Amino acid sequence: ELRGCHNDAGNIKKYLIEKEGFQEKDMLILMDDGQHHQPTRKNIMDAFARITQYSKAGDTVFIHYSGHGGRVRDTSGDEE
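All values derive from a computational prediction rather than experimental measurement. (Residues numbered from 1 in each chain as written. Predicted model: local features only at pLDDT ≥ 70, side-chain atom pairs only at ≥ 80, totals over all residues. Heavy atoms only, no water.)

### What about the overall build of the protein?
Check the secondary structure of the protein and you find two helices and zero strands. In terms of overall size, the protein is more extended than a compact globule, its C-alpha atoms giving a radius of gyration of 16 Å where 80 residues would be expected to give roughly 12 Å. Over its C-alpha atoms, taken along the principal directions, the protein stretches across nearly 50 × 30 × 20 Å. When the 80 residues of the protein are sorted by exposure, 11% land in the buried category. When contacts within the protein are restricted to residue pairs at least 6 apart in sequence, those whose partners lie at least 24 apart make up 37%. If you sum the accessible surface of the protein, you get close to 7,100 Å²; carbon and sulfur atoms cover 49% of it. In the protein, which carries 11 positive and 14 negative side-chain charges, the distance between the mean positions of the two groups comes to 4 Å. (Helix = DSSP H or I, 4+ residues; strand = E, 2+ residues; numbered from the N terminus. Rg over C-alpha atoms; globule rule 2.2 N^0.38 Å. Buried < 20%, exposed > 50% of the residue type's maximum accessible area, 1.4 Å probe, protein only. Contact = heavy atoms within 4.5 Å. Areas by Shrake-Rupley, 256 points an atom, 1.4 Å probe, with all protein chains shown as cover. Lys, Arg positive; Asp, Glu negative; His and termini not counted. Charge placed at Lys NZ, Arg CZ, Asp CG, Glu CD.)

See the structure below:
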């Protein structure tokens, strides 16, 4: 859990609703906070598929990412 990233997501959501007229019902938020869907690879890929299914010409789509990566030692030898 990255609290700063959770704050980012909340601030972006608030801005989109209050300043840009987006509706919360049209938002999908993936966050590791125990309240939203987890930001797993599957859920992220499913979200992109959902965007392509439901978006049409003239729609505005906004995608925001907040996070960071790290390195993990490959113990199985299947990656460089």
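Picking up after the structure, the text goes on.
### Quick word on the layout of surface pockets
The volume enclosed by the largest pocket comes to roughly 1,200 Å³. If you trace the largest pocket, you find 37 residues lining it, with Leu28, Ile29, Phe62, Ile63 and His64 closest to the centre. Where the lining of the largest pocket is concerned, the elements lending two or more residues are α1 (3-18) and α2 (41-54). (1 Å grid on protein atoms, 1.4 Å probe; cavity = no way out; pocket = protein on both sides within 12 Å on 5 of 7 lines; lining within 4 Å. Points joined across faces, edges and corners; volume = space filled by probe spheres on them.)

### Let's talk about a nonpolar patch on the surface
Taken together, the side chains of Ile44, Met45, Phe48, Val61 and Ile63 define a hydrophobic patch exposed on the protein surface, amounting to about 430 Å² of accessible area. Following the sequence through the fold, Ile63 ends up in the segment after α2. (Patch = residues over 30% accessible without salt bridge, like charges linked within 9 Å, V, L, I, M, F, W, Y side chains within 5 Å. Salt bridge = Lys/Arg side-chain N within 4 Å of Asp/Glu carboxyl O.)

### Details of the environment of Lys13
Its place among the elements puts Lys13 in helix α1. Accessibility expressed as a relative area gives 23% for Lys13, which makes it partly exposed. Residues Lys13 and Gln23 lie ten residues apart in sequence; the distance between their C-alpha atoms is 9.4 Å. Aside from chain neighbours lying at most four places away, what touches Lys13 is Glu24, Met27 and Ile29. Looking at Lys13, its side chain comes within polar contact range of the side chain of Glu24, at 2.6 Å. (Polar contact = N/O pair within 3.5 Å; in protein donor to acceptor, adjacent residues only side chain to side chain.)

### Here we look at the pattern of salt bridges
A complete count under the given rule lists four salt bridges for this structure. Here Lys13 and Glu24 are joined by a salt bridge, their closest N and O atoms 2.6 Å apart. Taken together, the positions of Lys13 in helix α1 and Glu24 in the loop between α1 and α2 put the pair eleven residues apart, joining distant regions of the chain.

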